[in-house]
Amino acid sequence: MRKLDKKPNILVIGDLMIDHYLWGNCDRISPEAPVQIVNVKKENSLLGGAGNVINNLFALGAIVDVISVIGDDLVANELKLLLEEIKISTSNLIIEKNRRTSKKSRIVASQQQVLRYDNETIEDISSKSIYKILEVLTKNITIYDCIILSDYGKGVLTADLVKEIISLSNKNNIKVFVDPKGKDYSKYKGAYTLTPNKKEAIEATNIDIVDDSSLELAIKQLKEICNLEVSLITLGESGIAVFDKILRVKPTVSREVYDVTGAGDTVIASIAFAITNDLHIDEAIHFANLAAGVVVGKLGSATASLDEIFEYESSLHQSTSLNRIKSFSEIEVLSKKIHNKGKKIVFTNGCFDILHAGHVKYLETARSYGDVLILGLNADSSVKKLKGSTRPINSQDDRAYILASLESVDYVVIFEDETPYELIKKIQPHILVKGGDYEGKEVVGSDIAQELRFVKFINGKSTTKIIQRIQNAKANN
């Protein structure tokens, strides 16, 4: 996937809430009633609902603003503090007296959610609050690249308000992305896209989605009812279905699922972020699937950063080779994150001028020693100093791209110096790997790495010998 370099300005309007977690363990049943007794060890509060969309956008690097309605209570104060922690302005949060700000409390024992209880007001917001929201939006709408409506059915996104928001946005050529709620989607008419899950789509269309035919019928109906530019249905572990002119289903890329809490928020945030970075809808969905794959591998409402997404894509070997070629500064940041995750980094280096079976076997063996293999590649200038003026045969960019395409190689970094010592200092690898011909010699970087290992070369396999064979064949002709 190509890089997403823009930092779009995205407005989120919807139901803000707090996701409150009580973490503990359970080893007995209450003598008072047949219920578990959870011994709470810690608790934490996170932004939930539309707040989780904001958290996801912030993690991706977007500039985020929010408009919502909250109560005049302690939960509202807590919510404001959580927004301010990630530098999100709370100036457009409208206060309604006697309204309870939503708070969902979950009790988790041994990584399993055993109970949730909610404290909130779910009645529609007042006409006065609707007027204030539209007043703020009208004044600022031109600064936004897109708008996300995060509807959790808690009363903020009334039918009249949604219609006005979409109308105003369309007049200003601003795309509206909607995470819908309820059975009547007519209020979302004119949005760019909706992101209902399969169950929600079935309820909204009255079409039982059981196969590709019924899926196409339902997704087409949503597109027509809501006059969407693109119609989407999220299918859980089966991926995301998309329809503009034809139906296609983009599969998920998750490896381990620990918690699906907030995955829908991640999907809509990721799609909006990708589209405003000028990705095609198919690319945006692939990006969202990767982000969701990262998030469901974490417990609780979670987010995924760009680095995590690209690292995850690389670990699945679905990234383009270009994305696995890193600069010194990029690999330094990545290495720190890999260390923090407790993963073992393997480092090796070389010219790898004409790639052959010996190289591939060597790199496969090196990769088997740890979790991540980082390859330092001698730049063209460095190769000339080591091998002579006629080398390299292949340019550094070509060599890096081919090496980055190998399944055994996670990242490639080109270095200009004669030795990779400065690069090794930035990476701080656990294991340094060199060819068997270095045994008994001083190895650059061995004072930094925790362990030095040697890999024997395959006899008769070398770039020099390949060049000699080509030259001999040319001379004989």
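Going along each chain's sequence as written, the residues are numbered from 1 onward. Reporting in this predicted model follows two pLDDT cut-offs: at least 70 for local features of residues, and 80 or more for side-chain atom pairs to be given and counted; totals over whole chains, interfaces and linings ignore these cut-offs and use all residues. Here the side-chain values reflect all heavy atoms present in the structure, with hydrogen atoms and water set aside.

Enquirer: Describe the overall build of the protein chain, listing the residues and the values that go with them.
Expert: For the protein chain, the helix and strand inventory stands at 15 helices and 19 strands. Oriented by its inertia axes, the alpha-carbon framework of the protein chain measures out at about 85 × 60 × 45 Å. Buried residues are those whose accessible area, probed at 1.4 Å on protein chains only, stays under 20% of the maximum for their type, while exposed residues exceed 50% and partly exposed ones sit between those limits. Taken over 477 residues, the protein chain has a buried fraction of 53%. Note on contacts: a residue pair qualifies if any of its non-hydrogen atoms lie within 4.5 Å across the two residues. Considering only intrachain contacts with a sequence separation of at least 6, the fraction spanning at least 24 residues in the protein chain is 68%. Approximately 22,700 Å² of the protein chain is accessible, and the part contributed by carbon and sulfur atoms is 48%. The helix and strand labels rest on DSSP assignments: H or I over at least four residues marks a helix, E over at least two residues marks a strand, and numbering proceeds from the N terminus. Accessible surface area values rest on a Shrake-Rupley calculation with a 1.4 Å probe, where residue burial reflects the displayed protein chains alone.

Enquirer: Which residues make up the pattern of salt bridges, and what values go with them?
Expert: Salt bridges, as used here, are contacts in which a Lys or Arg side-chain nitrogen is within 4 Å of a carboxyl oxygen on Asp or Glu. Under the defined criterion, the tally for this structure stands at 19 salt bridges. One salt bridge connects D72 with K97, and the closest N-O pair in it is separated by 2.9 Å. Here the residue D72 occupies a position in the loop between β4 (63–71) and α2 (74–85), and K97 occupies one in the loop between β5 (93–96) and β6 (102–109), the gap between them amounting to 25 residues. Given the relative accessible area of 47%, D72 is considered partly exposed. A residue is classified by how much of its surface remains accessible, and K97, at 62% relative accessible area, is exposed. For D282, the salt bridge is made with K250, and the minimal N-O distance between the two is 3.8 Å. Of this pair, D282 sits in helix α8 (residues 281–295) while K250 sits in strand β13 (residues 247–250), placing them 32 residues apart in sequence. By relative accessible area, K250 is classed as partly exposed at 24%.

Enquirer: So what's going on with a nonpolar patch on the surface? Which residues, and what values?
Expert: Residues qualify for a patch when their relative accessible area is over 30% and they have no salt bridge, like charges being joined within 9 Å and the nonpolar side chains of Val, Leu, Ile, Met, Phe, Trp and Tyr within 5 Å. Nonpolar side chains collect at one region of the surface, where V114, L115 and Y117 lie side by side and expose about 260 Å² of accessible area between them. Mapped onto the elements, L115 comes out in strand β7 (residues 112–119).

Enquirer: I'd like to hear about the sheet that holds strand β12 (residues 240–243), residue by residue, with values.
Expert: A pair of strands is considered paired only if DSSP assigns at least 2 bridges between the two. In spatial order, the strands read β11-β12-β13; together these 3 strands make up an open sheet with antiparallel pairing. Sheet topology places β11 (231–234) and β13 at the edges, where each strand pairs with a single neighbour. Each neighbouring strand pair of the sheet contributes to a mean axis angle of 20°, computed without reference to strand direction. Judged from the 4 bridges that link them, β12 and β13 form a sheet pairing that is antiparallel. Paired with A241 across the strands is V249, a residue of β13. Note on geometry: axes are lines fitted to C-alpha atoms, helical ones only across the stretch in contact, with angles between N-to-C directions running from 0 to 180 degrees.

Enquirer: Account for the side chain of D151, with residues named and values stated.
Expert: For D151, the position within the fold is in the loop between β8 (146–150) and α4 (159–171). Using a relative accessible area of 5% as the deciding quantity, one classes D151 as buried. At 3.1 Å, the side chain of D151 and the side chain of K187 are in polar contact. Leaving out residues up to four positions away in the same chain, D151 has contacts with D15, L157, D179, P180, K181, K187 and Y188. In the analysis that follows, any N or O atom pair within 3.5 Å is treated as a polar contact, provided that within protein one partner can donate a hydrogen and the other can accept it, and provided that, for residues neighboring in sequence, both atoms belong to side chains.

Enquirer: Outline the packing of aromatic side chains, listing residues and values.
Expert: In this scheme Phe, Tyr and Trp rings, the latter by its six-membered ring, pair at centre separations within 6.5 Å, and the angle between planes marks the pair as stacked below 30 degrees, edge-to-face above 60, and tilted otherwise. For the structure shown, the criterion picks out 4 aromatic pairs. Relative to F287, the ring of F273 has its centre 6.3 Å away and its plane inclined at 25°; by these criteria the two rings are stacked. Residue F273 is located in helix α7 (residues 263–275), and its partner F287 is located in helix α8; the two are separated by 14 residues in the primary sequence. With a relative accessible area of 1%, F273 lands in the buried category. Judged by relative accessible area, which is 0%, F287 ranks as buried. Residue placement shows K175 over the ring face of Y192; its charged tip is 5.3 Å from the ring centre. In this scheme, the term charge over a ring applies when either NZ of a lysine or CZ of an arginine sits within 6 Å of the ring centre and within 35 degrees of the ring normal.

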